[in-house]
Amino acid sequence: MISRLFTFKGGVKPDSHKDESAGAPIRKAPLPSRLTIPLRQSTRAMARSVVEPGQRVLKGEVIAAPEGPMCIAVHATSSGTVRAIEAQPVPHPSGLPAPSIIIEPDGEDRWLELKAFDYRSATPQQTRDFLRDCGIVGLGGAGFPSHIKLGPGEKGIETLILNGAECEPWITCDDRLMREHPDGILSGALIMRHITGARRILVGIEDNKPQAIEAMRAAVGRTSEAEIEVVAVPTRYPAGGEKQLIRVLTGIEIPYGKLGTHFGVQCFNVGSAYAVFRAVEHGEPLVSRVLTLSGNMAHPGNFDVLIGTPIRELLPLAEPRADTDRYLMGGPMMGVALQSLDMPVVKGTNCILAGSPVLFPPPPPEMPCIRCGACAQACPAELQPFELYWFSRARIFGKAQEYDLFDCIECGCCSYVCPSRIPLVDYFRFAKGEIWAREKEKAAADTARERYEFRLAREEREKAEKAAKLAAKTAAGREKAAAALAVAQKPAATPEEDAKKALIAAALERARAQKEHVQPENVGNLTPEQQAEVAAIEGRRAEIRDMAKPHLPQED
Amino acid sequence: MLEAILVMALGAVVLGAALGYAAVRFRVEGDPLVEKIDAILPQTQCGQCGFPGCKPYAQAIAKGEADINCCPPGGEEGIHKLADLLGREFKPLSAEHGIEKPKSVAVIDEQACIGCTLCIQACPVDAIVGAAKQMHTVVAAQCTGCELCIAPCPVDCIVMEPIKETVDTWKWKYPVIPLRQSA
């Protein structure tokens, strides 16, 4: 039993707007007209397609194999035909295209034959490999592969935290999932506990979701497992941030550059736990997720959506109002503007928010920083956003790094409280991107320098080798000339040399005779027709030779 | 009196020996300033500065023989960094050495390549693979975009292609406030 809860510094309390979408049960979204499944998973992971256009696939079939340790398998999310493998815009803030597999569903939605996985008799490594092949990633948004997070870490995992905080306003997909499938989530968590060997499970849920807390507690009561606790955490954004939730539940403050595993804590989204349960107990790869459609919509709600469904086909389910002028991917605090409605739903898409000038007014003009320090009080990472802002704005990136820019979780609390309405997070994202780009450039320059220096060294070595060879050759030539001179100076050949010459002449004669005896191998046993053909060819050759003769240049 | 002189002399000898030892023991190989300048230069090895590579240019800057604004691939940012390092005034890029271009890589039209190996010999970072009378190709990841392979090609089958922005290379832009027209 947890004796007390801890707190994290900072944070804000925006209007939660959960009631709009939390009331109705999760509905299954209809089959879309096409599925666009991106192959790129992160900057370090791109799966390799194993299907061809025109190929028929079943729901749950592997269509791209993992490449590298950070990669997971990609599955067809419905049965149908692979239409193309081409670059398509992906849900990324850039809106740029990346390689994707396009599947046209046949309407049958027929599953591949599924087989449950017996994790109790498998080693943790086998279970992790199975989860990788089922395409399980964190469903909280970042999409980090779960099989890596379930790894043993440095000192093993003692506490497993299930993150059901869902602190972003408007989003209710985890809330609904916990209300409707608490037993599945719990089973997933128990499987995770089995893999990691953790002692206890803590489920952290913000106290503005009493029904979810109730449902999870009831599920815990139904199991016979010990050391599981559902904890209501105070509602304060960003309580669902990984480091913040770990801090609230365990009191551990994770320093820069360290992960929860360094302190024996690992944190998973409740959706990920449910996906692990579906994969292990039912053999189902991760082909769908629950997603909130909310904001400026007539019927907001949560939907079970196939991965790859175009957002355009999803929106009519919630009926966006007429004055909707833009869409956000994710919540209002951390979400990014959706560049195109043709983008597909991916594993990290937890919410599509419709915005209107009334509901989410466009950002008011930025005013000068008045150095009030409100951002520093709100920052849950205990940074000084105003300092970071000055350095990012002035492009003094080294200084920004000194002030721990990379500890920023981009939660948006600073922008939310800023009385001058400065889009601070935009500046931090810009600075982070520039620093990463510079690091990449630096690495490329270092490689180029190394390769250039190697080339210079190689050229130098080759030159030396050539010079040495030439010197050896000239020396040999000189010796020969000297020897020849010596021979010429000798008046007459000795009888010994005559004998040698005779021997050489005899050898040459033998070699010539042998050459004459050797016959081409494939000219014997020819049929008369073949002989006639050969004769004709020879004749033509002779003719050509004759024709060419007068034109041939005179050669020695 | 004599004692004091002896003590001072002894001190001088001991300190001198320590300094002499330190000079040998902690001797710095190479010129640290050249290294620092070289670290700022983009390592394109293009020779646009008039020196055969980035290191010789760095040496020339360190000796004061070359100006800091002769490196087009380094661009204005590179000049700013050099100016900061050397405590000099910033100067705009000298036009006679070229202009700052977007980062590009060489691409060989493999249909047209005759396999003459001239570009392979010209490439300062060995980023072109191929052999005599065999098709050549550029290893894009290693190409510095120096353009040194373009001139030697007898069939003009090498072009410079600007590197396209992908999801992986995309960066958040500098925040700007859109100006809205008032009605």
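A. Representation of the overall build of chain B in the model. Within chain B, the regular secondary structure consists of five helices and four strands. Along chain B, from the amino end to the carboxyl end, the secondary structure elements read α-α-α-α-β-α-β-β-β. Against the compact-globule benchmark of 16 Å for 183 residues, chain B has a radius of gyration of 26 Å, which places it well outside the compact range. Its C-alpha atoms give chain B principal-axis dimensions of about 90 × 70 × 35 Å. The buried share among the 183 residues of chain B stands at 23%. Once local pairs closer than 6 in sequence are excluded, the contacts in chain B between residues at least 24 apart make up 57%.

B. Region of interest: the overall build of chain A. Looking only at helices and strands, chain A features 16 helices and 19 strands. A globule of 556 residues ought to have a C-alpha radius of gyration of about 24 Å, yet chain A, at 37 Å, is considerably larger. Taken along its principal axes, the extent of the C-alpha atoms in chain A is 120 × 65 × 55 Å. Classification of the 556 residues of chain A by burial places 40% in the buried group. Contacts spanning at least 24 positions in sequence make up 73% of the contacts within chain A whose residues lie at least 6 apart.

C. Summary view of the packing of helix α5 (residues 182-196) of chain A against helix α8 (residues 270-282) of chain A. All names here are of chain A. Two numbers describe how α5 lies on α8: the axes approach to 7 Å, and their chain directions differ by 80°. By the angle between their directions, the pair α5 and α8 is classed as roughly perpendicular. Contacts between α5 and α8 involve Gly184, Ile185, Ser187, Gly188, Ala189, Ile191 and Met192 from the first element and Val270, Ala273, Tyr274, Val276, Phe277, Val280 and Glu281 from the second. Classifying every residue of the contact of α5 with α8 by side-chain character gives 10 nonpolar, three polar and one charged.

D. Local environment of the sheet that holds strand β15 (residues 288-295) of chain A. Residues and elements named next belong to chain A. As summarised here, the arrangement of the six strands in space is β1-β16-β15-β19-β17-β18, forming an open sheet in which the pairing is mixed. Because the sheet does not close on itself, it has two edges, and the strands there are β1 (27-28) and β18 (336-337). Note that β15 and strand β16 (residues 301-306) share six bridges and pair antiparallel. Bridge pairing in β16 links leucine 291 to phenylalanine 303. Along the sheet, helix α4 (residues 173-180) makes contact with β15, β16 and β19 (351-355), crossing β15 at roughly 125°.

E. Representation of the domain arrangement of chain A. Residue and element names in this part refer to chain A. As far as domains go, chain A holds domain 1 (19-31 + 137-353) and domain 2 (372-482). The gap between the C-alpha centroids of domain 1 and domain 2 is 36 Å. Taken together, the contact between domain 1 and domain 2 spans seven residues of the former and nine residues of the latter. Grouping the amino acids of the side of domain 1 that touches domain 2 by side-chain chemistry returns five nonpolar, two polar and no charged.

F. Structural detail: the packing of helix α2 (residues 32-40) of chain B against helix α4 (residues 75-86) of chain B. All names here are of chain B. Viewed as axis vectors pointing N to C, α2 and α4 meet at an angle of 160°, and their least axial separation amounts to 9 Å. One finds that α2 runs roughly antiparallel with respect to α4. As for how α2 packs across α4, the hand of that crossing is right-handed. On α4, the residues that touch Lys36, Ile37 and Ile40 of α2 are Gly78, Lys81, Leu82 and Leu85. When its residues are assigned to classes, the contact of α2 with α4 shows four nonpolar, one polar and two charged.

G. Examining the interface of chain B and chain A more closely. Facing 20 residues of chain B, the contacting portion of chain A comprises 23 residues. Tallied by class, residues from the side of chain B that touches chain A come to nine nonpolar, six polar and five charged.

H. Looking closely at the pairing of strand β7 (residues 62-65) of chain A. Residues and elements named next belong to chain A. Note: strand β5 (residues 48-49) against β7, two bridges, orientation antiparallel. When the sheet's bridge partners are listed, arginine 48 is paired in β7 with alanine 65. Relative to strand β8 (residues 74-75), β7 runs antiparallel, the two being bridged by two bridges. What sits directly across from alanine 64, in β8, is valine 74.

I. Broad picture of the pairing of strand β12 (residues 200-206) of chain A. Residue and element names in this part refer to chain A. Of all seven residues that make up β12, six are buried, and the element is covered over most of its length. Judged from the six bridges that link them, strand β11 (residues 159-164) and β12 form a sheet pairing that is parallel. Note that in β12 the partner of glycine 164 across the bridge is isoleucine 205. Summarising the sheet, β12 and strand β13 (residues 228-233) pair through six bridges and their orientation is parallel.

J. Representation of the domain arrangement of chain B in the model. Residue and element names in this part refer to chain B. Each assigned domain of chain B is listed with its residue range as follows: domain 1 (32-97) and domain 2 (102-165). Using only C-alpha atoms to locate each centre, domain 1 and domain 2 end up separated by 25 Å. Between domain 1 and domain 2, the contact holds six residues from the first and seven residues from the second. Grouping the constituent residues of the side of domain 1 that touches domain 2 by class yields one nonpolar, five polar and no charged.

Rules behind the numbers
- Residues numbered from 1 in each chain as written.
- Chains lettered and ligands numbered in written order.
- Predicted model: local features only at pLDDT ≥ 70, side-chain atom pairs only at ≥ 80, totals over all residues.
- Helix = DSSP H or I, 4+ residues; strand = E, 2+ residues; numbered from the N terminus.
- Rg over C-alpha atoms; globule rule 2.2 N^0.38 Å.
- Buried ≥ 20, exposed ≤ 12 C-beta atoms within 10 Å, placed from the backbone.
- Contact = placed C-beta atoms within 7 Å.
- Axes fitted to C-alpha atoms, helices over the stretch in contact; angles between N-to-C directions.
- Parallel < 35°, antiparallel > 145°, perpendicular 65-115°, else oblique.
- Nonpolar A, V, L, I, M, F, W, Y, C, P; charged D, E, K, R; others polar.
- Pairing = 2+ DSSP bridges.
- Domains from an automatic or database assignment.
- Left-handed = near helix turned anticlockwise from the far one by under 90°.

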